[in-house]
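# Coordinate analysis (summary)
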Amino acid sequence: MFPLLYLSDTASSIMQINLVLAIGMVVPLLLSPRNNLHRALLFGACGVLTIRYLHWRASETLAPFGLTLDCLASWSFFAIELGAALSSLSAFVILSRVRERKQEADRQANWWQGEAPRVAVLIPTYNEDREVLERTIVGALALDYPNFVIYVLDDSRRDWLEDYCASQAVRYFRRSDNAGAKAGNMNHALGRITETGEVPDFVAVLDADFVPHSNFLTRTVALLQEEAVGLVQTPQHFFNADPIQHNLGLSRSYPDEQRFFFDHIQPSRDAWDIAFCCGTSSVIRWSALEAIGGFPTESVTEDFLLSLCLKNAGYRSVYLNEALTEGLAPEGLREYITQRARWCLGQMQIARSKLGPFSRNNLGLADRWSVVDSVLFWSTTFPFRIAVLFFPLLYWYFNILVVEATLPEVLRYFGVYYLWILITLNFISGGLVVPVVNDISQLLGAVPITRAAYSGLFFARDRPFSVTAKGGNRSRVIVQWQLIVFFGALFLVTLTGMVLAIASDLFVFDDSGQSKVVIMFWTFYNLLVLGVTILVCIELPRRELHLGDRPERTYLRTAEGRVRVWIVGLTQNSVRIRGASVADDVPVEIEIEGVGPVRAVVTTPNVDGARLLLEPTPEQYQDLLKRLYDRRRAECHQHQIQRSDRRSRAQAVAPPIVRRNCRQQVSAANLPTRFAASQWLRSGPWPLMLSGTRSDRPFPLARLPEHNLQAW
C-alpha cells in the first residue's frame, strides 16, 4: 500500500489553488459562455465561494468585541467589505443569464407593411466643437433607412451651427434657456415637432459626439415591431482611447473600459428584462414617450430614469448587442471622473424618487432589484477602494490589526474564491478583466464618487447637470497635479510606514504572527496600484484613431511630379505620409481613396515623410468624414486592402501551397488597431488576460469581487 501523504497547512492551501486552476483550464473545453445553465453553474460557484469567504472573515479574522481600537477598525473594515460583497453577489445573479437579439433583428427586418415608420433623429448639443458636430451630422445623413428626419437641438444657440444645418437640409431647434439640461432640450424639441404636425413613430437619440453607422436605424427599428417594446438600446463604441488606456500606453492591446458593460452586462440584464437606456444610441417609441410625459428631468441621469418610467407605464426596454454607433470617450481624467460622479449622483436621485425601489409604483421586483443593485455598486465599491488603502496604515503606525489571519488561511479562503471569480468572469467575457487596471480605474474617482453617492442618497437638493467635455486640443502633456499630490502622499506614507515597521519595533510589535506577512503583501499590492495610478495622472498627447488607420498605398503630386507614398495616419484635418521627402510649406495634392485628389500643404516634414494639412472641398470633406466614421464602409475598405496586400506578399515569396494558407491567416497587425486588439482578446481562450465589469452603468472594468486582491 502507498503511504498516506500528509500535507502541511501551506501545502494544502496551495493544492486547493492548483485545483481551481486545473478546473479553470478545463472549463473552456466543456462549457459555453452562451449557455445559461453553464453560466448559472459557474456563477453559483462564485456565490458559494463568496459566502464561504465571508463566513471565514466573520468567524476567524475579526477582533473580539470590546471597547478597543482593534475592534472598531476590524469590524468597520469588514462592514465596508460586506457591502461590496453584497454588490458582487447581485452582479453574479445578473450575469448568470444572457440574451442576444441579433437573430430576432434579422427575422423582424422590414416588418412594416408599405411605407417605413417615420423616425426623428435627435442630436442634442451644448458646447461641442464644430468638427465633432459635423461628423455626427454627416454620419446621420448617411443612414440607409428610408424615412427619417434629423433635428439638431442647440442649447448653446450658435448662429454658425444654424447656418451649417441649413446647408445640410437638417432641422435646427434652439430655446431661450437651458432648463432641464439635455432632457429639457429634447422635451422642447418634442413639443416643436408636435406643433409642426409631423409626428414620427419613433425617436432616435444620438449624443453630439456619436456617429451612427449607416444601418443604425435599420437594425434598431426591426426590434420595435411589438407595441410593448418602448425602447431599443445599442452599445457604445469609441474611436478614441479612454484616459487609462492611453496614459498607460495600452490603446493597441487593451479594449476600452466600457466593453464589459456593453458586451456582457447589458445582454445579461436584457435576459432579466432590466436592460436600460444609456443616453445615446437608442431608439424610443413616440407613443411611449407621450405616455410618460416626455423625457424625465428629475435626475441628472435621465437615461436610466427613462427606462424606469417606461417600465412603470407598461413598456419594455430591449438591448441589441451590435456595434451601430461610435463616439468619443472622455479624454481627460477630470472629464472621466466628472462623468462617473454624475452617473453616481443620478442613481442616488433615482433611488430617492417616486420610482425608487421602496416607493409605491408599478415597477416589478426585477426593476426594483435593478435600482438596488445600482445603489449597492456606487455606495460600496468606491468606499471600499478608499478603505483598502487606509486600513493597512493603522497597523504600520498604530499597531492596530484589521485582519488577523495566517498566510495558509488567506490562500485557502480568499485565494480560492478570488481566483475562481477571475476565471469565471474571463471565461464569459473572453478575457476582459485585469485586476490592477480595474483597481486604478475605480481608485481615480473614488473620493468624488463616494461624496456624490452619500450626498445624493441622504441630502435631497438639486444639483446642476455637468456636461462631459469631448474633443478639444490634446496635443500636449497635461499633468494632473492635484491627483498626483493626493496619490503620491498616500504612496509615501504607505511606503514609510512599512519600512519603519520592518526596520524597528517603534510602531509595530512582533506579536501579530503571520498577520504581519499578510498585511505586508496587502501593502505591496497597494504600492503597486498607487504607483501605476500616479503614472495615469500624467496625460500624454494623443491623436485620434480610426477603423481605417492602417498603412495604405497612394500617390502624392508635387511640383516635381507624381510619387508613390504610404498613408500612415488620417484624420478629418490632416494626413501623415511616409516614403517621400518634401519641403516645408509646399502645396501638394494627395490621392485619398473614397475622397479623390485633395489639396494639402506640408506642415511637418521629416527625413522620410511629412504631415500634410488637408484643404478639401466641402464635398470632399463630407466624403472624408464618411470614410473615417462609417464603420461598414471602413471595414469593407480595410478588407479590400488586406486581401490585396496579403495576396501580393504571398505570391511574391511563397510557393503555391503556402499561398493558399496565407490567404486564410489574418494577424492582429492586419486588422484596425484598437478593434483588432479587442476582438483578439475576446476571441479567447485567454482565461487570465483579464478588463472589467459593472452592472448598472458602463463603468471601469471589472466588477470583480469588489473586496478584491487589494484587500490583501
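Residues numbered from 1 in each chain as written. Predicted model: local features only at pLDDT ≥ 70, side-chain atom pairs only at ≥ 80, totals over all residues. Heavy atoms only, no water.

### Thoughts on the sheet that holds strand S3 (residues 171-174)
Note on sheets: strands pair through backbone hydrogen bonds, and any given pair is parallel or antiparallel. What counts, and what does not: The pairing criterion for strands is at least two bridges between them, as found by DSSP. Numbering of helices and strands runs from the N terminus, with a helix taken as a DSSP run of H or I at least four residues long and a strand as a DSSP run of E at least two residues long. Lines fitted to C-alpha atoms define the axes, with helix axes restricted to the stretch in contact, and inter-axis angles between N-to-C directions lie between 0 and 180 degrees.
With mixed pairing, the 7 strands of this open sheet are ordered in space as S3-S2-S1-S4-S8-S6-S9. A single partner strand is all that each edge strand has here, and the edge strands are S3 and strand S9 (316-319). Strand-to-strand twist of the sheet, defined as the mean angle between neighbouring strand axes without regard to direction, takes the value 25°. Sheet topology places strand S6 (residues 229-233) next to strand S8 (residues 282-285); 3 bridges connect them, and they run antiparallel. Of the residues in S8, the one forming a bridge with Gln233 is Ser282.

### Considering the pairing of S8
For the record, the criterion: Accessibility here uses a 1.4 Å probe with only protein chains present; expressed as a share of the type maximum, an area under 20% marks a residue as buried, one over 50% as exposed, and anything in between as partly exposed.
On S8, burial covers both faces: Ser282 and Ile284 on one face and Val283 and Arg285 on the other are all buried. Pairing geometry for strand S4 (residues 202-205) and S8, over 4 bridges, is antiparallel. The residue bridging Val205 from the neighbouring strand is Ser282, located in S8.

### Quick notes on the pairing of strand S15 (residues 574-578)
Taken together, the 4 bridges between strand S14 (residues 561-570) and S15 define a ladder with antiparallel strand orientation. By the bridge assignment, Gly569 is partnered in S15 with Arg576. Hairpin remark: S14 followed by S15, antiparallel, with 3 residues in the connecting loop. With 5 bridges connecting them, S15 and strand S18 (residues 609-614) associate as antiparallel partners. Counted as the bridge partner of Val575 is Leu612 from S18.

### Re the packing of aromatic side chains
Stated precisely, the cut-off is as follows: Each Phe, Tyr or Trp ring, with Trp reduced to its six-membered ring, pairs with another whose centre is within 6.5 Å; inter-plane angles below 30 degrees give stacked pairs, above 60 give edge-to-face pairs, and intermediate values give tilted ones. As a reminder, the over-ring test applies to NZ of lysine and CZ of arginine, requiring each to be within 6 Å of the ring centre and within 35 degrees of the ring normal.
Inspection of every chain in the model, using the stated rule, returns 26 aromatic pairs. Ring geometry for Trp75 and Phe78: centres 6.3 Å apart, planes at 90°, overall edge-to-face. You can see Trp75 and its partner Phe78 sitting in helix H3 (residues 69-95), 3 residues apart, about one turn around the helix. Note on Trp75: relative accessible area 28%, which makes it partly exposed. Here Phe78 falls in the buried class, since its relative accessible area comes to 8%. Judged by centre distance (5.3 Å) and plane angle (20°), the rings of Phe414 and Tyr418 are stacked. One end of the pair, Phe414, and the other, Tyr418, are both in helix H15 (residues 407-429), 4 residues apart, so they sit about a helical turn from each other. Taking relative accessible area as the criterion, Tyr418 reaches 6% and is therefore assigned buried. Here the aromatic cluster, defined as three or more aromatic residues joined through ring pairs, consists of Tyr53, Trp56, Tyr413, Phe414, Tyr417 and Tyr418. Lying across the ring of Tyr555, Arg562 places its NZ or CZ 3.6 Å from the centre.

### Topic: the confidence of the model for the protein chain
For the record, the criterion: You can read pLDDT as the predictor saying how much it trusts each residue, on a scale of 0 to 100. Contacts are assigned to residue pairs with any non-hydrogen atoms lying within 4.5 Å of each other.
In this model, the protein chain carries an average pLDDT of 84, and 83% of its residues clear a pLDDT of 70 or more. Taken together, the stretch residues 636-712 has pLDDT below 50 and engages in 235 contacts with residues farther than four places along the chain or on a different chain.

### Looking at helix H16 (residues 435-444)
With 9 of its 10 residues buried, H16 lies for the most part within the structure. Along H16, the residues classified as buried are Pro435, Val437, Asn438, Asp439, Ile440, Ser441, Gln442, Leu443 and Leu444.

### Section: the nonpolar core
To keep things clear, this is the line we draw: Here, nonpolar core refers to any group of buried Ala, Val, Leu, Ile, Met, Phe, Trp, Tyr and Cys residues whose side-chain atoms link them within 4.5 Å.
Judged by nonpolar contacts, the single largest core of 81 residues is most densely connected at Phe77, Phe260 and Trp378. Among the elements that line this core, the one with the most residues is H15, at 13 residues. Counting 62 residues, the second-largest nonpolar core is a separate cluster that includes Val152, Leu328, Ile592 and Val598.

### Here we look at a nonpolar patch on the surface
As a reminder of what qualifies: The patch calculation keeps residues exceeding 30% relative accessible area without a salt bridge and links them within 9 Å when they carry like charges or within 5 Å when they are nonpolar (Val, Leu, Ile, Met, Phe, Trp, Tyr). Residue burial considers only the protein chains on display, and all accessible areas are found by Shrake-Rupley using a 1.4 Å probe. Salt bridges, as used here, are contacts in which a Lys or Arg side-chain nitrogen is within 4 Å of a carboxyl oxygen on Asp or Glu.
On the surface, Met25, Val26, Leu29 and Leu30 cluster together into a nonpolar patch covering about 470 Å² of accessible area. Along the chain, the position of Val26 falls in helix H1 (residues 9-30).

### Quick word on the pattern of salt bridges
This structure, assessed with the given rule, holds 29 salt bridges. Put simply, Asp270 and Arg101 hold a salt bridge, and the shortest N to O gap is 2.6 Å. Of this pair, Asp270 sits in helix H10 (residues 259-271) while Arg101 sits in the loop between H3 and helix H4 (102-107), placing them 169 residues apart in sequence. Per residue, the accessibility class of Asp270 equals that of Arg101, and both read buried. Taking the shortest distance from any N to any O, the salt bridge between Arg219 and Glu322 comes out at 2.4 Å. Note that Arg219 is positioned in helix H8 (residues 216-221) and Glu322 in the loop between S9 and strand S10 (325-327), a separation of 103 residues in sequence. A single burial state applies to Arg219 and to Glu322, both of which are buried. It is possible to trace a salt-bridge network through shared partners that takes in Glu226, Asp273, Lys311, Arg316 and Asp367.

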